[in-house]
Amino acid sequence: VQLQASGGGLVQAGGSLRLSCAASGGTFRTWSMGWFRQAPGKEREFVAGITWSGGSTYYADSVKGRFTISRDNAKNTVYLQMNSLKLEDTAVYYCAARPTIKYDIWGQGTQVTVSS
């Protein structure tokens, strides 16, 4: 099973980015999925999660109202639309799959840098 994250880059504060995470080799449509991030010198933190059907989504307080997680089970892909980006959103973003009760399949990460 592999998760391939993409879509990161350099963006000015207030701008937008859309991250994608493509899954291969597993039953993506049965997994809950999540996005996490890790800023320099900080621990990895939860950003957003979505259930297998897409019927429920969850967000960290710091991104509520700015980020939107979604998924396309036909394409085995989960997305993170990030709007109104702030300097403090700078981090490496990881997608993860939760086939059981915990996130135990991780992608390689994609860098998001927000500049002033």
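Residues numbered from 1 in each chain as written. Predicted model: local features only at pLDDT ≥ 70, side-chain atom pairs only at ≥ 80, totals over all residues. Heavy atoms only, no water.

### Observations concerning the environment of Trp52
Next up, step 1: Looking at the secondary structure, you find Trp52 in the loop between strand E5 (45-50) and strand E6 (57-59).
Next up, step 2: Residues Trp52 and Arg98 lie 46 residues apart in sequence; the distance between their C-alpha atoms is 9.2 Å. (Helix = DSSP H or I, 4+ residues; strand = E, 2+ residues; numbered from the N terminus.)

### Structural notes on the packing of aromatic side chains
Next up, step 1: All told, the structure shown has four aromatic pairs when counted by the stated rule.
Next up, step 2: When the centroid spacing of 5.6 Å and the interplanar angle of 80 degrees are considered together, the rings of Phe36 and Phe46 count as edge-to-face. With Phe36 in strand E4 (residues 32-38) and Phe46 in strand E5, this pair connects stretches of sequence that are ten residues apart.
Next up, step 3: The class of Phe46 is partly exposed, set by a relative accessible area of 30%.
Next up, step 4: Every member of this aromatic cluster is reached through a ring pair, and the members are Phe36, Phe46, Tyr103 and Trp106.
Next up, step 5: The ring of Tyr79 has Arg18 lying over it, and the distance from NZ or CZ to the ring centre is 4.0 Å.
Next up, step 6: Sitting over the face of the ring of Tyr103, Arg98 holds its NZ or CZ atom 5.5 Å from the ring centroid. (Phe/Tyr/Trp six-rings, centres within 6.5 Å; stacked < 30°, edge-to-face > 60°. Buried < 20%, exposed > 50% of the residue type's maximum accessible area, 1.4 Å probe, protein only. Lys NZ or Arg CZ within 6 Å of the ring centre and 35° of its normal.)

### A look at the state of the cysteines
Next up, step 1: The full count for this structure, using the stated rule, is one disulfide.
Next up, step 2: The side chain of Cys21 participates in a disulfide bridge whose partner is Cys95; the two sulfur atoms lie 2.0 Å from each other. Looking down the S-S bond of the Cys21 and Cys95 bridge, the torsion is 60 degrees, so its handedness is right-handed. Within this pair, whereas Cys21 is found in strand E3 (residues 17-24), its partner Cys95 is found in strand E9 (residues 91-98), the two being separated by 74 residues in sequence.
Next up, step 3: Residue Cys21 is classed as buried on the basis of its relative accessible area of 0%.
Next up, step 4: Of the residues examined, Cys95 reaches a relative accessible area of 0% and is grouped as buried. (Disulfide = S-S within 2.5 Å.)

Geometry only, nothing functional implied.
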